[in-house]
Amino acid sequence: MLRLQARVRRASAEGPGELKRTASLCNGCTNKCGLWINTKDGEFATLDGNPDNAESAGTLCARGHGFAQMTYSADRLTQPMKRMENGDFEPISWENAYAEISEKLTMIIAENGPESFAFIRDGRPAIDWYAPRFVAALGSANLYTHGASCNLSSQSAYRATIGGGFSADIANSKMVMFIGRSYADGITPSAVKAVADLSESGSCKIVMVDPRYNNTCNFADQWVPIKPGTDLALVLAMSHVLISEELYDKDFVRDHVLGFYAFKKEIEQFPPEWASEICGVPAETIATLAHEMAEAAPAAVIEPSWRAAFGCAHQNSFMTGRAVAAFNALLGNYGKEGGALLSSSPSLGELPADKFPNPPAAQVGRVGNAEYPLAAPGMGTCLAALQAALDGKMKAMFFYQSNAAKGYANPKVWEEGLANCELVVDIDVQMSETALLADYVLPECSYLERMEVVTPHGGKHNTLTLRDKAIEIIHPETKPVSQIFTELSAALGIGQYFDFTIEDLVEAQLASVGASLDEIREKGVIELPSTFEYGTPKTFATPSGKVEFFSVTVGRAGLSPVITWQDRKVHPEEGEFYFVGGKQAVHSHTMTTSPIT
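Remember, it's a predicted structure, so these values are computed and weren't measured experimentally. (Residues numbered from 1 in each chain as written. Predicted model: local features only at pLDDT ≥ 70, side-chain atom pairs only at ≥ 80, totals over all residues. Heavy atoms only, no water.)

Asks: I'd like a description of the overall build of the protein chain, backed by residues and values.
Replies: For the protein chain, the count of helices and strands is 20 helices and 21 strands. Taking 25 Å as the expected radius of gyration for a compact globule of 597 residues, we find that the protein chain reaches 25 Å, a close match to that expectation. With respect to the three principal axes, the spread of C-alpha positions in the protein chain is 70 × 60 × 55 Å. When each of the 597 residues of the protein chain is scored for burial, the buried share is 54%. Long-range contacts, defined here as pairs at least 24 residues apart, represent 74% of the contacts in the protein chain between residues at least 6 apart. Element-wise, carbon and sulfur atoms account for 50% of the exposed surface of the protein chain, whose accessible area totals about 24,900 Å². (Helix = DSSP H or I, 4+ residues; strand = E, 2+ residues; numbered from the N terminus. Rg over C-alpha atoms; globule rule 2.2 N^0.38 Å. Buried < 20%, exposed > 50% of the residue type's maximum accessible area, 1.4 Å probe, protein only. Contact = heavy atoms within 4.5 Å. Areas by Shrake-Rupley, 256 points an atom, 1.4 Å probe, with all protein chains shown as cover.)

Asks: Can you explain the environment of A57? Please cite residues and give values.
Replies: For A57, the position within the fold is in the loop between β3 (43–49) and α2 (62–67). A relative accessible area of 38% means that A57 is categorised as partly exposed. C-alpha separation for the pair A57 and Y144, spaced 87 residues apart in sequence, amounts to 31 Å.

Asks: Mind laying out the side chain of S276, listing which residues take part and the relevant values?
Replies: Among the secondary structure elements, S276 is positioned in helix α10 (residues 272–279). Its relative accessible area of 19% is what places S276 among the buried residues. Those residues in contact with S276 that lie beyond four places of it in its chain are V281, P282, A283 and I286.

Asks: Requested: an account of the nonpolar core, with residues and values cited.
Replies: Counting residues in each nonpolar core, the largest one holds 72 residues, and the members touching the most others are M177, I179, M238, F263, I302, L330 and F549. Sorting elements by how many residues they give to this core places helix α7 (residues 231–244) first, with ten residues. Dropping the residues within four chain positions of it, I179 is found in contact with V209, D231, V235, I302, S305, A309, F310 and V324. Formed by 53 residues, the second largest nonpolar core is a distinct cluster that contains A97, F119, Y130 and V506. (Core = buried A, V, L, I, M, F, W, Y, C linked by side-chain atoms within 4.5 Å.)

Asks: Tell me about helix α17 (residues 481–492), and please be specific about residues and values.
Replies: End to end, α17 covers 16 Å across twelve residues, agreeing with the expected 16 Å (1.5 Å per residue, within 8%). Turning to α17, its buried residues are V481, S482, I484, F485, L488, S489 and L492. One face of α17 carries all of its buried residues, which in axial projection span an arc of 155°. Immediately downstream of α17, the backbone of G493 shows phi near 80°, a positive value. (Expected span 1.5 Å × (residues − 1). Arc of directions from axis to C-beta.)

Asks: How would you sum up the sheet that holds strand β19 (residues 462–465)? Please name residues and give values.
Replies: If you walk across this open sheet you meet the three strands as β18-β19-β20, and the pairing is antiparallel. Two strands in the sheet have a free side with no partner beyond their single neighbour: β18 (455–457) and β20 (525–528). Across the sheet, the mean angle separating the axes of adjacent strands is 25° when strand polarity is ignored. In terms of strand pairing, β18 meets β19 through three bridges, oriented antiparallel. Counted as the bridge partner of P456 is L464 from β19. (Pairing = 2+ DSSP bridges. Axes fitted to C-alpha atoms, helices over the stretch in contact; angles between N-to-C directions.)

Asks: Would you mind going over the packing of helix α13 (residues 382–390) against helix α15 (residues 411–419) in detail, with residue names and values included?
Replies: The packing of two helices is summarised by the inter-axis angle and the distance between the axes. Taken N-terminus to C-terminus, the directions of α13 and α15 make an angle of 55°; their axes are 8 Å apart at the nearest point. On the basis of the axis angle, α13 is oblique to α15. As α13 packs across α15, the resulting crossing turns out to be left-handed. Residues C382, L383, L386, A389 and L390 of α13 form the contact with α15, whose participating residues are V413, W414, E416 and G417. Here the contact of α13 with α15 is built from residues that sort into seven nonpolar, one polar and one charged. (Parallel < 35°, antiparallel > 145°, perpendicular 65-115°, else oblique. Left-handed = near helix turned anticlockwise from the far one by under 90°. Nonpolar A, V, L, I, M, F, W, Y, C, P; charged D, E, K, R; others polar.)

Asks: Provide a residue-level description of the packing of aromatic side chains, including the pertinent values.
Replies: If you walk through the whole model with that rule in mind, you get 28 aromatic pairs. Considering the side-chain rings of W129 and F500, the 5.9 Å spacing of their centres and the 80° angle between planes classify their relative orientation as edge-to-face. Highlighted residues: W129 in helix α4 (residues 125–137) and F500 in the loop between α17 and α18 (502–511), separated in sequence by 371 residues. Both rings, one in F134 and one in F485, keep their centres 4.9 Å apart while their planes meet at 65°; by these two values the pair is edge-to-face. Of the two residues, F134 is situated in helix α4 and F485 in helix α17; the sequence distance between them amounts to 351 residues. Its relative accessible area of 0% is what places F134 among the buried residues. F485 sits in the buried class, given a relative accessible area of 1%. Through successive ring pairs, a cluster of aromatic residues spans F117, F119, W129, Y130, F134, F356, F398, F485, F498 and F500. Here R21 stacks its cationic end above the ring of W36, 3.8 Å away from the centre of that ring. (Phe/Tyr/Trp six-rings, centres within 6.5 Å; stacked < 30°, edge-to-face > 60°. Lys NZ or Arg CZ within 6 Å of the ring centre and 35° of its normal.)

Now the structure itself:
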């Protein structure tokens, strides 16, 4: 098999040849940065960041360039595989794989109901469209993301407090605090450039709160080392300072906050001196940070973070997310320039029902909804599916580029849960630890070799992007996931919901907003009308329509309705150490590694 270096030499050699560039999206992580794939005579040559794409802003990170090598990796899956009784894998034809999977899945659903089937996926454009349709067509509601190992707790907290996610308008901030988030360790190039520009301009104070001196600390004005899992104490103490010294935005609180006085009374017990004992940050530093944030407000913000600090890592991650959302409210920064901007995303129009009929809604709710009522609906918690498998209730599980057995913590428990299932199917580009535990492994082609659905992006500007096919499929027995679902659905007797090609779907999606495939192929990006403007939101998407410092919904779920202190679950004993996770600039979880090398 030719390695990437050989391909590059051939494609870059002097001499005549057909040059072509294809609009696409990087697949090195879930950010999906826009890029151009450059080919010569149909061979991959180089990548360029798309300057019209908000995430890449014309550049790509090292991971983005390096991940293209996956296309030519010797570790790629090249044909469908079936695990035999002795644990070894043997090749199987697509036709036989579809037939055996559909027979087993049909029997499982017939005997145990559609609630016995679950699908877990890492977010990618095509799967985010095809998987919900596939699961619903089978009568199940058990669709999950990898969020329980990433940022489910913080996203659920933001939903409970302000009605959804938010972004930090750091380009216009006078002070921004990052908690455990490191843009320079593998995030969108435009975000790295924004923080670098801020640092160079000197117009904004950048504070990095992290046990690690991470790579973004090079741009920071102040590094605040903190004990892992104690960020909540820091934020509560800063809130104590704002309220006790009346430095908060009284007008915003009066008009847009529910439960302020309950919160005010609650945090009387959380002064900087108290927090210092817990988090290891000097009380004077905590008070000074609060004063500086108040002075810079409303162009000051605690950035929403992602996984490492309080995405899902600790027992108190949900409460920490609520406290961060509340602190930003005390600054009165929601919707303000340099503050916290509520997340938004453009919607595509309705597709023709005769060509794209929607399957009926599932009659049984998603497993875990009752036990985890606060989990963000679009994510769910795959841990509920795991527990159901351990209990013998979840009989079949599908995975898409989602390495639960290695990347979701507790690998021994995941191994036990999957062993308890009667059918496990994994769709991936290479073997993962989850694939090694599956009954069937279906090989997808690389992202250079496939077209996917239109991807909307929100924020200040609404855009549509597209991952288009740049080269022909190298290994003829690999397929794009859109084709896999179309063919598997036909074998399962639900083919009427997938009776179209990916090209049909993309053209219909674009037509629904008055755009065309030729148009998006020309620039890689289509800009849609945006209604964004700075200004305090009139209402928040919470039950009360306000920022909820006190939440009846959270109380009904068995947690404290008022934002308060909650300790991390585990502390190191004498001679033990904290284990700290976080982004690494060269890898995306376990997706960019292979267990067989």
